[in-house]
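Secondary and tertiary structure notes
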Number of protein chains: 2
Amino acid sequence: MTDRPQPIIILVRPQLGENIGKTARAMLNFGLSNLRIVAPRDGWPNPNAGPSAAGADDVLDGAELFDTVEEAVADCVMVYATTVRDRDMPKPVATPAEAVGAINLLEKAEGRVGILFGPERSGLTNDDVALADTVLTVPVNPKFSSLNLAQAVILFAYEWYQDKDVTPQYQSAYLEGKAPKELLVGLMEQLEKELEQHGYFRSAGRRDTQVRMLRNLLQNMELSAQDVATFRGIIKSLSTGRPL
Amino acid sequence: MTDRPQPIIILVRPQLGENIGKTARAMLNFGLSNLRIVAPRDGWPNPNAGPSAAGADDVLDGAELFDTVEEAVADCVMVYATTVRDRDMPKPVATPAEAVGAINLLEKAEGRVGILFGPERSGLTNDDVALADTVLTVPVNPKFSSLNLAQAVILFAYEWYQDKDVTPQYQSAYLEGKAPKELLVGLMEQLEKELEQHGYFRSAGRRDTQVRMLRNLLQNMELSAQDVATFRGIIKSLSTGRPL
């Protein structure tokens, strides 16, 4: 058992309590215990979770509940979104083994890392994925790619526990300066509110797509906390000041 | 999807049909389709297997049923026994990633490889493990090591699908000459019968332990088909011929 800092497993709108329990078991099999649950379909606690956890009750008891993905990732400086389908989003993609190298580096710098797992039936939405830095994809049989939720979690946890020395995709200097997600979400919300008031979103039908595109854009700029403050100042200035 | 030869997943006395279905799903996620089932507790076919397979019905439909582990591994030249607990047996131990290197080599030589997975509650018995060449162990949290059956299968299948280039523990010349298990089991049974008739097993209470020790001994000698024939001749000669 290792004492290194742990990534946070975040179940987004999970449907079955049984799968939450199995996730807890899979996590503890590989030494992970930080679990967050976003808007579980059947509420929380869920009586079906305990029996499936097969003894990993401490993980369930310590699980934190959130209403939204934004809140669940607020204190994370790096978020991975697990997907099987190709989302056609402008994000880097990593396998579980590749992600572990970056996670190790990041956690040495005391930054929190969250790993999003979507609901059983549908997976993460594009809006969920837009909040992530990187798409996490398990290389899987393309003809039968539907992974069970707890199976997806255990494959990540297994690779994390292996702790293989994979060349990281990031420099630690970059990671140390990254803004926590709550700052980034704050910037996104400020920008969207101001754009709304300024009539930027002309077509209601296209608003969601535009917001997602903007969020991906801001996300992928890899801003530091200082960068976020600078941007907020710019937006405030542009939106409230009078043109000369 | 790869066309390379596949190892055979062998479920030994599985208890729940649901777990057989989940195993099929986990296998197909990573391109495996050869499933064998030994003495399933609730018979076969099992109506609970299909729904859990989530579409991997071809794997279930193609599953082969056996009464004993000996029969299920008869045509294999290499058998791995998955265990979590240390069995204190004189066998080499491999992780899933290490096993894949040897399996690839062996299958290039057209030898079949079987991977034994034990029942949910108790795992493989020492008698099951005695039939295996190598113990397959997933490095897991020692404080919470009980892996769900389908989870154990998916971790092996995942590593197999990755097909990482790991230095094999075996030379191909060795593997090409190995005796199929049915020859080895035949030798074991012949030896045990003759020893029985010759009063070797003096204490009925210790018989099982002695047989297991002998089986491990023969197993670990890594005999070729020719070696087996030689040994059978020796046993026959010793047991039926008259001392000069």
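Structure first, text after, so check above.
Bear in mind that the values here come from a model prediction, so they are computed numbers and not experimental data. (Residues numbered from 1 in each chain as written. Chains lettered and ligands numbered in written order. Predicted model: local features only at pLDDT ≥ 70, side-chain atom pairs only at ≥ 80, totals over all residues. Heavy atoms only, no water.)

Residue and element names in this part refer to chain A. Topologically, Asp57 is positioned in helix H3 (residues 57–61). A residue is classified by how much of its surface remains accessible, and Asp57, at 37% relative accessible area, is partly exposed. Sequence-wise, Asp57 and Gly21 are 36 residues apart; in three dimensions their C-alpha atoms are separated by 8.4 Å. (Helix = DSSP H or I, 4+ residues; strand = E, 2+ residues; numbered from the N terminus. Buried < 20%, exposed > 50% of the residue type's maximum accessible area, 1.4 Å probe, protein only.)

Turning to helix H7 (residues 149–162) of chain B, a few remarks are in order. Residues and elements named next belong to chain B. End to end, H7 covers 20 Å across 14 residues, agreeing with the expected 20 Å (1.5 Å per residue, within 8%). Across the 14 residues of H7, 13 count as buried, placing the element largely inside the fold. In this structure Asn148 caps H7, since a side-chain oxygen of it lies 2.9 Å from the backbone nitrogen of Ala150. The first or second residue beyond H7 is Asp163, which carries a positive phi of 55 degrees. (Expected span 1.5 Å × (residues − 1). Polar contact = N/O pair within 3.5 Å; in protein donor to acceptor, adjacent residues only side chain to side chain.)

Least-squares fitting of chain A to chain B yields an RMSD of 0.1 Å, with the superposition described by an axial translation of 0.0 Å and a rotation of 180 degrees. What the rotation and shift describe, once combined, is the action of a two-fold rotation axis. Interface overlap between copies: 100% of the residues of chain A at the interface are likewise at the interface in chain B, consistent with a symmetric, same-surface contact. (Least-squares fit on C-alpha atoms with pLDDT ≥ 70 in both. Contact = heavy atoms within 4.5 Å.)

The tally for this structure, following the rule as stated, stands at 26 salt bridges over all chains. A:Asp128 is paired through a salt bridge with A:Arg13; the nearest N and O atoms lie 2.7 Å apart. Of this pair, A:Asp128 sits in helix H6 (residues 126–130) while A:Arg13 sits in the loop between strand S1 (8–12) and helix H1 (17–29), and the two are 115 residues apart along the sequence. One salt-bridge network, held together by shared partners, links A:Glu18, A:Lys22, B:Glu18 and B:Lys22. (Salt bridge = Lys/Arg side-chain N within 4 Å of Asp/Glu carboxyl O.)

Turning our attention to the sheet that holds strand S7 (residues 134–136) of chain B. Residues and elements named next belong to chain B. The sheet built from 7 strands is open, its strands ordered S3-S2-S1-S6-S4-S7-S5 with parallel pairing. Looking at strand neighbours, the two that pair on one side only are strand S3 (64–66) and strand S5 (93–94), the edges of this open sheet. In this structure, strand S1 (residues 8–12) lies alongside strand S2 (residues 35–38), joined through 4 bridges in parallel fashion. Each residue of the ladder has a partner; that of Ile9, found in S2, is Leu35. (Pairing = 2+ DSSP bridges.)

All names here are of chain A. Overall, parallel pairing links the 7 strands, which are arranged S3-S2-S1-S6-S4-S7-S5 in an open sheet. Of all the strands in the sheet, the pair left with one neighbour each is strand S3 (64–66) and strand S5 (93–94). Relative to strand S4 (residues 76–82), helix H5 (residues 96–108) is tilted by about 170 degrees, and along the sheet it contacts S4, S5, strand S6 (112–117) and strand S7 (134–136). (Axes fitted to C-alpha atoms, helices over the stretch in contact; angles between N-to-C directions.)

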